[in-house]
Amino acid sequence: MNTNANAPTVKLSRTIERLVAGQATSDGAGVKLTRVLTNDLQQRLDPFLMLDAFGSDNPNDYIAGFPDHPHRGFETVTYMIAGRMLHRDSAGHEGLLENGGVQWMTAGKGVIHSEIPQQEDGVMEGFQLWLNLPGRDKMNPPWYRDFKNQDLPKLVTDQGVDVTIIAGSSHGVSGAVTRDATQALYLDVHMPAGARFAQSLPADHNVFVYVYRGALSIAGVAVPTQRMAILNNDAQADGLVIDATADAKFLLIAGKPLKEPIAQYGPFVMNTQAEIRQAIEDFRAGRLGEIA
Ligand code: CO
């Protein structure tokens with residue numbers, strides 16, 4: 001076993017501010033999903049704008065996928081637990097996302113893309129996170145990377161906790177992607193019942209945990225399955241300590257707040273209404289997905 005020797009010592013864990021159940025909704029061409037991080041939490045969880053969880057074994061819930069649609073001003077991170085989804089975009093990128101793979105797309109000044117399931121039955125399960133860009137980077141050229149599951153950095157702690165590091169770093173291991181402005185941390189953590197996991201975190205970073213299997217306890221408070229726990233920014237806390245009360249799988253997501261105004265209109269997230277009007281105008285004029 002690849003046991004990790006750089007376990008952090010967290011002297012005082014953050015505590016839970018509140019638990020959130022998310023909202024059942026649908027998006028794209030009728031894909032059923034749970035919006036875990038909703039618009040009303042964008043300021044609180046800055047720099048994160050949205051987290052969707054989708055999971056179904058009924059093809060009617062996902063088969064039509066997400067046909068061509070635009071984005072500008074932020075990044076989308078899609079993490080597929082089960083199933084196969086094909087991505088195509090106006091910048092010429094194409095990639096098949098499957099079985100634990102991650103697709104990281106920086107929309108920047110604009111892409112038009114589609115995400116279409118490549119299966120007619122079986123389970124489709126995954127997550128899409130929206131990560132904001134600082135104003136100075138919103139009009140940068142688009143960027144895109146696919147990571148197969150075996151290409152994502154992983155570690156196993158001495159308590160048998162499996163950690164996949166999609167972004168940021170954990171226990172001295174750097175993730176697939178690093179971002180200077182937001183210092184985004186994105187971990188998928190699998191814990192056996194009774195295990196403990198600690199993660200160092202700066203006190204001013206916004207942090208949440210989404211449990212998608214099993215159950216956890218954080219600072220004595222239970223977090224059941226399919227709940228997001230928003231963590232307090234306790235000034236004295238130097239990290240987060242999590243106990244698995246059952247075999248558990250969860251996402252641990254954290255980032256440095258940008259503290260900039262957020263102007264959103266659907267798939268465009270800018271700083272001002274004037275920039276939103278420009279995005280809509282560029283999209284209507286066919287300029288948004290141009291490679292230039
Ligand atoms: Co999209």
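Here's a quick rundown of the structure. No experiment lies behind these values; they were computed from the predicted model shown.

With eight of nine residues buried, strand 4 (residues 48–56) is to be regarded as a mostly interior element. Where strand 3 (residues 31–37) lies against strand 4, three bridges are found, and the strand directions are antiparallel. Bridge pairing in strand 4 places L37 opposite L51. Here eight bridges tie strand 4 to strand 11 (residues 124–132), and the two strands are oriented antiparallel to one another. Residue pairing across strands places F54 opposite G126, the latter belonging to strand 11.

This part is about unusual backbone geometry. Negative phi values dominate among residues other than glycine, just as trans dominates among peptide bonds. Between D46 and P47 the backbone carries a cis peptide bond, its omega angle lying at 20°. Mapped onto the elements of the fold, P47 is located in the loop between strand 3 and strand 4. The phi dihedral of Q183 is positive, around 45°, even though this residue is not glycine. Here Q183 is to be found in the loop between strand 16 (173–174) and strand 17 (185–191). For Q183, a relative accessible area of 39% corresponds to the partly exposed category.

Hydrogen bonds along the backbone pair up the strands of a sheet, which may run parallel or antiparallel. The sheet built from four strands is open, its strands ordered 5-10-7-8 with antiparallel pairing. Across the chains shown, the open sheet's two edge strands, defined by having one partner strand only, are strand 5 (66–71) and strand 8 (94–98). In this sheet, adjacent strand axes meet at a mean angle of 20° when their direction is disregarded. Examined bridge by bridge, strand 7 (residues 84–89) and strand 8 share five bridges and lie antiparallel to one another. Opposite R84, over in strand 8, you have E98 as the bridge partner.

Those protein atoms acting as donors to the cobalt ion are H69 (NE2), H71 (NE2) and H113 (NE2), and they sit at 2.0 to 2.1 Å. Between the donor residues of the cobalt ion, the gaps in sequence give the motif H-x1-H-x41-H. H69 gets classed as buried once you look at its relative accessible area, which sits at 18%.

All right, on to the sheet that holds strand 14 (residues 162–167) then. Taking strand neighbours across the sheet as the criterion, the seven strands line up as 1-22-19-24-17-14-13 in an open arrangement whose pairing is antiparallel. What marks the edges here is a single partner per strand, and that holds for strand 1 (16–20) and strand 13 (154–156). When strand polarity is set aside, the average angle formed by the axes of neighbouring strands in this sheet is 20°. Of the pairings in the sheet, the one linking strand 13 to strand 14 comprises three bridges and is antiparallel in character. The residue of strand 14 that forms the bridge with K154 is T164.

With respect to the helices and strands, the residue L97 is situated in strand 8. You can call L97 buried: its relative accessible area is 4%. Sequence separation between L97 and P117 is 20 residues; the distance between their C-alpha atoms is 9.3 Å. Non-local contacts of L97, meaning those with residues more than four positions away in its chain, are made with T78, M80, G83, R84, M85, V102 and Q103.

In this section: the layout of surface pockets. Sizing a probe to match a water molecule and rolling it over the atoms shows the empty space that remains. The space that makes up the largest pocket amounts to roughly 400 Å³. Considering the residues around the largest pocket, the lining is formed by 26 residues, among which D27, F66, H71, Q128 and W130 are closest to the centre. If you list the elements that add at least two residues to the lining of the largest pocket, you get strand 3, strand 4, strand 5, strand 7 and strand 11. The dominant element in the lining of the largest pocket, judged by the number of residues it contributes, is strand 5, at five residues. For the lining of the largest pocket, a count of residues per class yields eleven nonpolar, eleven polar and four charged.

Definitions and cut-offs
Residues numbered from 1 in each chain as written. Predicted model: local features only at pLDDT ≥ 70, side-chain atom pairs only at ≥ 80, totals over all residues. Heavy atoms only, no water. Buried < 20%, exposed > 50% of the residue type's maximum accessible area, 1.4 Å probe, protein only. Helix = DSSP H or I, 4+ residues; strand = E, 2+ residues; numbered from the N terminus. Pairing = 2+ DSSP bridges. Axes fitted to C-alpha atoms, helices over the stretch in contact; angles between N-to-C directions. Donors = N, O, S within 2.8 Å, 3.2 Å for Na, K, Ca; no water. Contact = heavy atoms within 4.5 Å. 1 Å grid on protein atoms, 1.4 Å probe; cavity = no way out; pocket = protein on both sides within 12 Å on 5 of 7 lines; lining within 4 Å. Points joined across faces, edges and corners; volume = space filled by probe spheres on them. Nonpolar A, V, L, I, M, F, W, Y, C, P; charged D, E, K, R; others polar.

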